[in-house]
Structures are given as structure tokens and as C-alpha cells.
Amino acid sequence: MFSDQEEAQDILSFFQSSFKAFREKPIVLYGLGINTKVLIHNLEDYHIAGVMDAKHEGETFEGLSVLSENEVKQITDIIIIVARDVVVPLIYSRIRHLEQDGIAIYDVRGTNLGKAAKTYPEPSGRIDIENLKHKILEHDIICFDVFDTLIARKVVRAEDIFEIVERRLLKKNLDIDFCVLRKSASDAAYSKRISPTLRDIYTEMAALRNIGQDMLAEIMEEELMTEMDYAAPRKSVVSLLNFARKNQKQIYLVSEMYLNTAQMKLLLEKCGVKDYDRLLISCEQEKNKWPDGELFQAVKEGSPPDKAILHIGDNEGADIQCALKQGLDVVKIPSNYELMLYSPFQTLLSFNRSIGDSIAIGVFACKYLSDPFKDYKILRLEKENDIGFICYGPLIVGYLAWILRKCNAAHIDFAAFIARDGWILHEVWDIMKQHFPYEEIPRGGYILGSRRALAVASIRNRADLENALQKTPDSMTPDKMLSSRFGLDGVTVNEDEGKAGCVFKREEDILENAERERSMYKQYVDRIMENSRHIAVIDAVSSGTIGKYFFASTQRKGILLSIVLSKVPNYSVYDELEAYGYMGEDSKYAPKRAVHKYVGELEGVLTAYEPMF
């Protein structure tokens, strides 16, 4: 949002002075904000070929296609990022790999980001809570903005709520393109009223799609419930409100929002905000904050003229500049999003490519980056389970959600979580059933199955013996090999026999023992899996051998799903089974992600504390 019309003119001036030489070239703009809209509608002598935004590929924006990276490579060699200075590095880090395809990436001031280091502004000084409390004591009425000041949503962007609603509706067999329809209805409602209510927006939605009243009510209820589920209090700011009340200050809440008083009260109460004197909402007052501060005028009109009013909000334009226009004193506090931008965790935002990413980042911000009075140069973890919440929780939940999609696509009827890496995964899988009520979640079980047990049980003939010999590490002694790979313990081996000789000399004993172990293991698995025939073997980090041996031992078919596929030369067996990796491959040729570098730690966290058998 512009603070005034001068910013729009600045954007145009920067662009026209920086990119004169590119008038005849096709240009792609990255970003779908109001600044991009200004450029599209005021650069008639430039060839704007399209726009980019990772989360809106395939849609349209101001009549232009939102292009994928592959589409961009086909039509241009120039991308210009149109965003706030602090966000530009995040976007650049997300798309800088396109420079390898000959694409130059610029900011709107004309800086080639691949060739010159750009200095971006530092945040203003940290707010001192004691000084703010002193300001509160100097005023009679304390006015709080609601969204992003008192409460936050557990997503990166407010509109991400609509995508969650669309997915929830789909689980209820209501297959509508809610995100697109909701935006179109909102645009139609705002064209008729200064600040429409949610009911106004849904009336337009019904007209656009001819939706019946019963279904309309169900959809609206789903949106309201989603807002409730993803709302979180900013506890330090709520405590500031309580401080003001304790000191006999009047409390006003102000919001430029389409929810009515009854809906907002439920949302605020859920977040522990209950004690206030007035709630002024734009859709009921028919006045907005932006651009002239008319909603703050309503604040003044409902207050005694001799009372000093302090407004606390997060938005520089709507909360600060507009409140100042109406003569209110102001204090700006940063939102969760802004706190993240100015913290070491800002790079997380460059990975915000899906609704799952948005939720994971939003939940993290609400829990750990929600206090505007703290310095977030260092994140101090106070409890052991914070490590699980920050690091392993999002990874495991994301992995299991991915497994669920893979299982449903492949018509899997049983998910076999193999010991010992599968223990915690199976525990969480059972918990998921309570939180995914509309999903068809395959039955799952924790299956004991060591490499030794499965390797031996999978041996059926001489070909299997030869294959097992080829996979035996050179460093393994013959007696150790016979025990761990072929199931014969306590065998004395002569030095001159060699590995192959000592195996084929005892071929009959090996095959007989393998048949016995296979029979026992199959009985064990059959008791757990019953009649399930199409199996997903779940492993944390796998070279494929566990999956191969499991299918061979139990005479079942299926797929192997792993967080990381470990493709070690001369060891992995992915050419022999259908396998997928949530985080891709770990090999000397693949780029190393953090999870690849720390697979040992990952396995240590997931591994059961009880032995195999």
C-alpha cells in the first residue's frame, strides 16, 4: 500500500530512468503487488510480457499471465523484482538459479542483483516496552489495531486462509475454486461499497456462481472456522492491552475488516482479548483507515474531546500516517512478518512456495517471532521440545502428508513403518487420523524388520546368494558375512575358502535356514497386515535394501517411501523397486540440503529406543 501518491510516481521514475535501454525487450515483472499494477498500467511504451509469483502460477494479474520459470525462460532474459527493499533479497535467492539460463535479474532501481552487492535498509530501533508503557500512562484512550497487531494469523499472507478453506471444502465434497471465486466476489463487493461485510461478499459469490443459500452458509461457516483455527494472540501486545486496562485506560479496538462485531468478538475471545470498551470495524462504520483516516475520525467522534488518544498499529500507511492525519498520537510496532524480515530467519520466506510452507512458517513466527519488544538476532530455546517443534515437527508432518498423497495415488492399503526409524513416524501417523477427518488414511503398523532379518528371509535360490555376495562390503570377514548376510551363526571358516567358497559350500544350510526364517517372519507380518496386499514401506533414510528385502520376504508388492533416498554407488538397489524420496536423493552428484548433511542426527531422533527383536 502506498503512503501517498508520490510513491507511485517514484516507482515509475525509477523504472523509466533505469530501463530506458530495455524498451524494445520483453520484460517479466516479479511480484503481484500494487506497485506492479502501477507499472503495468503506466508503461505503455514498454513490453511487459508477463509477471511472476511462485504461488500464483497459471493465474492472471491485470490481464497478464503469471508465468512459470520454464515459461519465463522461453520469452525473456530480463526479470525485474518489484518489491520492498527488504524483500528483494528473499525473492532473488529464490530465483537466482535462473541466471544460469542467461536471465539477468534486477531490482526496480536498475541494480543487476547478480553483479552488484546491494545494501538494504536496517530496521528502525527496537521498541522499548517501558517507554511504550509510559506513553500509555500519558493518554486517556488506547486504541489498538487488531490483525497483525493484537492477533496474527498462522500463515505468511492473509489470503493463504482462502487456500486452506478451499482444501477443507474439497474434503467435504464441495469442489469449487474458492480462492478465485472469493477474490472475484470481494472485488465486486468493494466496487459497490466502501467497506463491505462478509455477507456482502458472499452475496456477490452466490451471484457469480449461482450458489444456493444452504451451501453458501456452509462455505461461510468454513471460512469463519478457518479464521478461528489459524488465529493466534500476540501475547506481549495483549499483555500491553491488559496493562492499559489495569491503569484505568479506555480501550478501543479498530479494524479495517469485513467481519462484523459478533464475528470479531468470537475471534478476539478465542485469542484471549475480552476486556475493551469499543470495537470499531470498517464494514459497520462504512469508513476505512486508508487513505484519509476516516475510521480514526469515527474514533474521535465517539470520544470526549478533551481525551488524549494513542493508536498502536503495525501498518505504516493505514495505522500510522492515517491516524496522524486525524490528530491521534501513534506508535508503530512491527508485525510477525516484519519481525521475520529483519531477523536471521528471513531466508525462510524464500522457501514459501506452497500452503504447507506458509503454515509451517506462520506457526513458527507466531510461536517464536511474535514479540515486537524482543531482539531476534538470536533465538533462545527454553525447552527441549522446541527443537522438535522448530526442526523436526515441520519435516515429519510434511513427510507424512506427502506419504498420504503418495499412498492414495498408488491405492496403497497398508503403510508399513519399518523398525527402527519408523517408530515415531508411526506414532504420528496414528495421531494424524484425528486431525485429518476427511482424508482416507490407509491403515498403518510398526513392523519389526532389521536388515539382517529381512536380508536372510529374502534368500530363495542361488541367484539370491550371488546377489547378496555382490552387495557384501569388502571389509566384512567371511564369518561375519555368514552371520549377518546369510543367517548362519557360529560357523568356523577356513582362511583358504574365500567368501564365495564359504557361502556355496554351505548353500543347502543357508537356503534351509532362510526358508525357516521367512516362514516365521511372514506369519508375523500377516498377523499385522491381515489381507493387505499393496504396501508402502516407510523408512526415514534408505538405500532401498530394506524395501527390496521386505517385498521379497513377504511376497507382497508396493512402493518404498523415504525422507531421503541414499544413492551410494554399488550399494543402493533403486533399479529393482519403485521408490520415492520426500527430500530427493543423497548422492555425490545431487545438491546437499541440510537434511542430507545431518541424516545421522535425523535417524537418531526418529529411531525407537527398543531393540528390533
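Please read all numbers here as calculations on a predicted model, not as lab measurements.

**Quick word on the overall build of the chain**
Of regular secondary structure, the chain possesses 26 helices and 19 strands. Along the first, second and third principal axes, the C-alpha set of the chain runs to 100 × 60 × 55 Å. Put simply, the chain has 613 residues, and 48% of those count as buried. A total accessible area of about 30,200 Å² is found for the chain, and carbon and sulfur atoms account for 49% of it. For the chain, the centre of its 77 positive side-chain charges and the centre of its 93 negative side-chain charges are spaced 2 Å apart.

**Section: the environment of Val 564**
Mapped onto the elements of the fold, Val 564 is located in strand β17 (residues 557-566). Using a relative accessible area of 0% as the deciding quantity, one classes Val 564 as buried. Between the C-alpha atoms of Val 564 and Trp 402, which are 162 residues apart in sequence, the distance is 13 Å.

**Considerations on the sheet that holds strand β7 (residues 141-145)**
Pairing is parallel in the open sheet, where five strands are placed in the order β11-β10-β7-β12-β13. The open sheet is flanked by β11 (278-281) and β13 (329-332), the only strands paired with a single partner. Neighbour to neighbour, the strand axes of the sheet diverge by 20° on average, direction disregarded. The sheet contact formed by strand β10 (residues 250-255) and β11 spans four bridges and is parallel.

**Notes on the nonpolar core**
Core analysis: the largest hydrophobic core is formed by 59 residues, its most contacted members being Phe 144, Leu 150, Phe 178, Leu 253 and Ile 312. Once you skip the residues sitting within four places of it in the chain, Phe 178 turns out to touch Phe 162, Val 165, Glu 166, Leu 169, Tyr 202, Met 205, Ile 219 and Glu 223. Tyr 30, Leu 67, Ile 79 and Ala 365 belong to the second largest nonpolar core, which has 29 residues in total.

**Considering helix α14 (residues 316-325)**
When we look at burial in α14, the residues that qualify are Gly 317, Ala 318, Asp 319, Ile 320, Cys 322 and Ala 323. On its buried face, α14 is in contact with β7, α13 (294-301), β12 (309-313) and β13. Among the residues of α14, the N-terminal cap falls to Asn 315, whose side-chain oxygen and the backbone nitrogen of Gly 317 are separated by 2.9 Å. Immediately beyond the C-terminal end of α14, within one or two residues, lies Gly 327, with a positive phi of roughly 85°.

**Focus: the packing of aromatic side chains**
In this structure the tally under the stated criterion is 16 aromatic pairs. Consider the rings of Tyr 368 and Phe 389, whose centres lie 5.8 Å apart with planes at 65°: the pair is edge-to-face. Taken together, the residues span a long stretch of sequence, with Tyr 368 in helix α16 (residues 355-368) and Phe 389 in helix α17 (residues 385-409) at a distance of 21 residues. Given a relative accessible area of 9%, Tyr 368 falls into the buried group. The exposure class of Phe 389 is partly exposed, given its relative accessible area of 34%. Geometrically, the ring pair formed by Tyr 399 and Tyr 582 is tilted, given 5.7 Å between the ring centres and 35° between the ring planes. Here Tyr 399 is found in helix α17, whereas its partner Tyr 582 is found in the loop between β18 (579-581) and β19 (585-586), with 183 residues between them in sequence. For Tyr 399, a relative accessible area of 0% puts it in the buried group.

**Digging into the pairing of strand β2 (residues 47-52)**
Regular strands show a simple pattern: their side chains alternate between the two faces of the sheet. One ladder, built from five bridges, connects strand β1 (residues 26-30) with β2; its direction is parallel. Its bridge partner lying in β2, Leu 29 is registered against Val 51. In this view, the connection linking β1 to its parallel neighbour β2 by way of helix α2 (residues 34-42) has right-handed handedness. Sheet analysis places β2 next to strand β4 (residues 64-67), joined by two bridges and oriented parallel. When the sheet's bridge partners are listed, Val 51 is paired in β4 with Val 66.

**As for the packing of α16 against α17**
Between two packed helices, the angle of one axis relative to the other and the distance separating the axes together describe the packing. In contact at an axis separation of 11 Å, α16 and α17 are set at 170° when each is read in the N-to-C sense. Looking at the two axes, α16 sits roughly antiparallel to α17. Taken together, the residues of α17 that come into contact with α16 (itself represented by Ala 360, Val 363, Phe 364, Lys 367 and Tyr 368) are Asp 386, Phe 389, Ile 390 and Pro 394. Of the residues belonging to the contact of α16 with α17, the class tally is seven nonpolar, no polar and two charged.

**A closer look at the pattern of salt bridges**
Within the structure shown, the criterion is met by 28 salt bridges. Of the charged contacts, one joins Glu 163 and Arg 167 as a salt bridge, the two residues approaching to 3.4 Å between their closest N and O atoms. Residue Glu 163 and its partner Arg 167 are located together in helix α6 (residues 160-171), separated by four residues, close to a single helical turn. Assessed through its relative accessible area of 23%, Glu 163 is described here as partly exposed. Judged by relative accessible area, which is 47%, Arg 167 ranks as partly exposed. In this structure, Arg 452 and Glu 517 form a salt bridge, with 2.7 Å as the shortest nitrogen-oxygen distance. Taken as a pair, Arg 452 in helix α19 (residues 451-457) and Glu 517 in helix α23 (residues 507-529) lie far apart in primary sequence, 65 residues in all.

**Focus: the packing of helix α9 (residues 213-229) against helix α11 (residues 261-270)**
Relative to each other, α9 and α11 sit at 30°, their axes nearing to 9 Å. It follows from the interaxial angle that α9 and α11 lie roughly parallel. As α9 runs across α11, the sense of the crossing is right-handed. Contact residues: α9 offers Leu 224, Glu 227, Met 228 and Asp 229, while α11 offers Gln 263, Leu 266, Leu 267 and Lys 270.

Rules behind the numbers
- Residues numbered from 1 in each chain as written.
- Predicted model: local features only at pLDDT ≥ 70, side-chain atom pairs only at ≥ 80, totals over all residues.
- Heavy atoms only, no water.
- Helix = DSSP H or I, 4+ residues; strand = E, 2+ residues; numbered from the N terminus.
- Buried < 20%, exposed > 50% of the residue type's maximum accessible area, 1.4 Å probe, protein only.
- Areas by Shrake-Rupley, 256 points an atom, 1.4 Å probe, with all protein chains shown as cover.
- Lys, Arg positive; Asp, Glu negative; His and termini not counted.
- Charge placed at Lys NZ, Arg CZ, Asp CG, Glu CD.
- Pairing = 2+ DSSP bridges.
- Axes fitted to C-alpha atoms, helices over the stretch in contact; angles between N-to-C directions.
- Core = buried A, V, L, I, M, F, W, Y, C linked by side-chain atoms within 4.5 Å.
- Contact = heavy atoms within 4.5 Å.
- Polar contact = N/O pair within 3.5 Å; in protein donor to acceptor, adjacent residues only side chain to side chain.
- Phe/Tyr/Trp six-rings, centres within 6.5 Å; stacked < 30°, edge-to-face > 60°.
- Right-handed = clockwise from strand over helix to strand, strands pointing away.
- Parallel < 35°, antiparallel > 145°, perpendicular 65-115°, else oblique.
- Nonpolar A, V, L, I, M, F, W, Y, C, P; charged D, E, K, R; others polar.
- Salt bridge = Lys/Arg side-chain N within 4 Å of Asp/Glu carboxyl O.
- Left-handed = near helix turned anticlockwise from the far one by under 90°.

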